[in-house]
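# Breakdown of the fold
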Amino acid sequence: VPTITTEVVQERVIELLRTLGSEADEIDGSTELQTLEVDSLDLVELGQIVEEEFDVELKSEDLSELRTVGDVVRLMVDRAS
Amino acid sequence: MKRRVAITGVGAVTPLGVGASTLHTRWAAGECGIRDGEAGCVDFEPSDFLSKKQIRRTDRFTQLAMAAAAEATDAAGWSEALPCEPDRMGCVIGTGVGGIRTMQGAYKLMYGGGRGKVSPLTVPLMMPNAASAVVAMRYGLQGHVYGIVSACAASAHAIGTGARMIQAGDADAVLAGGSESALIDLTFAGFSAMEALSPTGTSRPFDARRDGFVLGEGAGVVLLEAESTARERGAPIIGEMLGYGASCDAHHLTAPEPDGGGGARAIARALDDAGLGPEAVDYVNAHGTSTLLNDRIETAALKNALGARAWEIPVSSTKSAIGHLLGAAGATEAVATVEALLERLAPPTLGYEEAEEGLDLDYVPDGPRPLEGNGNGNGDGASGQLVALSNSFGFGGHNAVLCLGSAR
């Protein structure tokens, strides 16, 4: 498991969002998930990958509390600590 | 009186390339899309039709259907506005096995690393109704939408069912067709084990030397519209769905009824549904798989249903040029038939050279044949309506026959 810092997690989450199909020009912490068309299926896929890499769980029901990319990163960092 | 069903657009992705007219032109020119014993759609690039996210969320069989649907709807002028209320539009896409490539991939992941390795997209990608669902989402079709599963007759059943929706008043427009992408080890192994595939990798329907079919992939979609609706909006009418006949052999899991009775009943029903007799038929697009049994029994079925007329009309097999597209065969062959009627030209059965006793119909062996209308029915004169049959027979004894007409 890599060192879990906000920077490391954010870089990886953004990379994964691109893999999942987001074609936005720029993605950063303030980018809203809605504009990236991230839905529950994406979050479960994302969760599957980060669980393996960072040993942190993400579930589709978390989506209701998440508005931005930064929210996803914060939740992961919180759960890791 | 039944509502007339117009065809206002067609689309196809086949081993001969992207596009319905590409299929007709290249097949009529004697070109074959089979390479090394299989027929893949090597010219198909999903990103030409779908966003990155759509590609990630679809199996290849759905991607092929999306491309064929895009061509059909573009041709019918849907890009500006839909022709009727969303609730009055349907979609029926047939398939043999749906997202079997996705399923095979998921199995590998699961057996390699446990259930937790299986992607949440596995089920929505592999489900056989995925193509219908995704095409419906793309165009906002909110009426009758589902898939049809009847092996190699699936997409002929889909087009027949789409026409029935319109005739019954359940829809005014239906995107109907089929899609298949099963060029994976499991499919090759399964068909090989039952000795259905050609060990020489050759598709030569009706020829005495035929030794099995060649596996192919692709998709075909036709846009069916109530003729009144199509005329009201000034849509280009390129053909007509005149009749539909279906039957089941109820005889054997894979072998057809020995005397071709099941196929003959479906042919007779399609003609009866169209209100036409055998003398009206100008062309037959055969199921013609290049297997020993099918081609013999299909020939018997044609003689049985059409009588003396069977010997007078050109009968050719699209599978000689693109192999067997399984659940997509009926639809791509319906598209090929619409194009043949539009161009008034029947493409040939490629590779046909040696006759077999009893297989004595006109299989169009030597290049394309002009269709001129026969003066016996709808097809009178150089500009009269031409009439064709497109046969599809599937494992399980499923028979579906479409009677198609050129635009009147």
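Computed from a prediction, not measured in an experiment: that's the story for all the values here. (Residues numbered from 1 in each chain as written. Chains lettered and ligands numbered in written order. Predicted model: local features only at pLDDT ≥ 70, side-chain atom pairs only at ≥ 80, totals over all residues. Heavy atoms only, no water.)

## Topic: the environment of F393 of chain B
Residues and elements named next belong to chain B. Relative to the helices and strands, F393 is located in strand β12 (residues 387-394). In this structure F393 comes out as buried when scored by relative accessible area, which is 11%. Through-space distance from the C-alpha of F393 to that of A156 is 9.0 Å; in sequence the pair is 237 residues apart. (Helix = DSSP H or I, 4+ residues; strand = E, 2+ residues; numbered from the N terminus. Buried < 20%, exposed > 50% of the residue type's maximum accessible area, 1.4 Å probe, protein only.)

## A look at helix α1 (residues 6-19) of chain A
All names here are of chain A. The first and last C-alpha atoms of α1 sit 20 Å apart over 14 residues, in line with the 20 Å expected at 1.5 Å per residue. For α1, the complete set of buried residues consists of V9, V13, I14, L16 and L17. Buried positions in α1, seen along its axis, are confined to an arc of 160 degrees and lie on one side of it. In α1, those exposed residues whose orientation departs by more than 90 degrees from the buried face are E7 and E11. Looking at the buried residues of α1, the elements they touch are α2 (40-54) and α3 (69-80). (Expected span 1.5 Å × (residues − 1). Arc of directions from axis to C-beta. Contact = heavy atoms within 4.5 Å.)

## Let's talk about the pairing of β12 of chain B
Residues and elements named next belong to chain B. Of all 8 residues that make up β12, 8 are buried, and the element is covered over most of its length. Judged by which residues are buried, β12 turns out to be covered on both faces: V387, L389, N391 and F393 on one side and A388, S390, S392 and G394 on the other are all buried. By the bridge criterion, 3 bridges tie strand β8 (residues 283-285) to β12 in an arrangement that is parallel. Each bridged residue has a counterpart across the sheet, and for Y283 the counterpart in β12 is A388. Here β12 runs beside strand β13 (residues 398-406); their pairing, made up of 8 bridges, is antiparallel. Note on β13: the bridge partner recorded for S390 is L402. From the end of β12 to the start of β13, which pair antiparallel, there are 3 residues, and G396 there has a positive phi angle of about 100 degrees. (Pairing = 2+ DSSP bridges.)

## Considerations on the layout of surface pockets
Residue and element names in this part refer to chain B. Looking at the largest pocket, its volume works out to about 550 Å³. Lining the largest pocket are 33 residues, with T254, P256, T291, N294 and F395 positioned closest to its centre. Broken down by element, the residue count for the lining of the largest pocket peaks at 6 residues, all from helix α11 (residues 292-306). Of the residues belonging to the lining of the largest pocket, the class tally is 13 nonpolar, 15 polar and 5 charged. (1 Å grid on protein atoms, 1.4 Å probe; cavity = no way out; pocket = protein on both sides within 12 Å on 5 of 7 lines; lining within 4 Å. Points joined across faces, edges and corners; volume = space filled by probe spheres on them. Nonpolar A, V, L, I, M, F, W, Y, C, P; charged D, E, K, R; others polar.)

## So, the confidence of the model for chain B
Here chain B averages 96 in pLDDT, and 98% of its residues register 70 or above. This prediction of the complex comes with two scores: 0.96 for pTM and 0.88 for ipTM. (pLDDT = per-residue confidence, 0-100.)

## A short note on the interface of chain B and chain A
Contacts between the two partners involve 11 residues from chain B, matched on the other side by 16 residues from chain A. Buried surface at the junction of chain B and chain A, summed over both partners, amounts to about 1200 Å²; 43% is from carbon and sulfur atoms. Of all residues in chain B, K52, K53 and R56 of chain B bury the most surface against chain A, accounting for 49% of the area lost on that side. Taken together, the links from chain B to chain A amount to 5 salt bridges. Scanning the region where chain B abuts chain A turns up 10 residue pairs in polar contact (both at pLDDT 80 or more). Each residue belonging to the side of chain B that touches chain A can be placed in one class, and the counts come to 3 nonpolar, 3 polar and 5 charged. (Buried area = accessible area lost by both parts, 1.4 Å probe. Salt bridge = Lys/Arg side-chain N within 4 Å of Asp/Glu carboxyl O. Polar contact = N/O pair within 3.5 Å; in protein donor to acceptor, adjacent residues only side chain to side chain.)

## Notes on the state of the cysteines
By definition, a disulfide links the sulfur atoms of two cysteines through a covalent bond. Residues and elements named next belong to chain B. This structure, assessed with the given rule, holds 0 disulfides over all chains. Sulfur of C41: no disulfide; nearest cysteine sulfur belongs to C32 and is 13 Å away. The class for C41 is buried, based on a relative accessible area of 3%. The closest cysteine sulfur to the non-disulfide-bonded C248 is located on C152, 14 Å from its own sulfur. (Disulfide = S-S within 2.5 Å.)

## Digging into the environment of G143 of chain B
Residue and element names in this part refer to chain B. For G143, the position within the fold is in the loop between α6 (130-139) and β4 (145-148). Assessed through its relative accessible area of 22%, G143 is described here as partly exposed. The sequence separation of G143 and G177 amounts to 34 residues, and the corresponding C-alpha distance is 16 Å. Filtering out sequence-adjacent residues up to four positions away, G143 remains in contact with P86, D87 and M89.

## Some thoughts on the nonpolar core
Residues and elements named next belong to chain B. The biggest cluster of nonpolar side chains holds 47 residues, and the ones touching the most others in it are I159, L224 and M241. Of the residues forming this core, the biggest block, 8 residues, is contributed by helix α13 (residues 329-343). Beyond its immediate sequence surroundings of up to four residues, L224 is in contact with V5, A6, I7, I159, G162, A163, I166, D172, A173, V174, A176 and M241. Counting residues in each nonpolar core, the second largest holds 31 residues, with C41, A72, A76 and A136 among its members. (Core = buried A, V, L, I, M, F, W, Y, C linked by side-chain atoms within 4.5 Å.)

## Here we look at the packing of aromatic side chains
The geometry of an aromatic ring pair is captured by the separation of the ring centres together with the interplanar angle, meaning the angle of the planes. All names here are of chain B. For the structure shown, the criterion picks out 7 aromatic pairs over all chains. Consider the rings of F191 and F213, whose centres lie 5.2 Å apart with planes at 75 degrees: the pair is edge-to-face. Linking F191 in helix α8 (residues 185-193) with F213 in the loop between α8 and β6 (218-226), this pair joins segments that are 22 residues apart in sequence. Judged by relative accessible area, F213 falls into the buried class, the value being 4%. Measuring from centroid to centroid gives 4.3 Å for F206 and Y363, while their planes differ by 10 degrees, and the two rings are stacked. With F206 in the loop between α8 and β6 and Y363 in the loop between β10 (345-346) and β11 (369-370), the pair connects residues that are 157 residues apart, well separated along the chain. The buried category is assigned to Y363, whose relative accessible area is 1%. Through a chain of ring-to-ring contacts, the aromatic side chains of F191, F213 and F395 assemble into a single cluster. (Phe/Tyr/Trp six-rings, centres within 6.5 Å; stacked < 30°, edge-to-face > 60°.)

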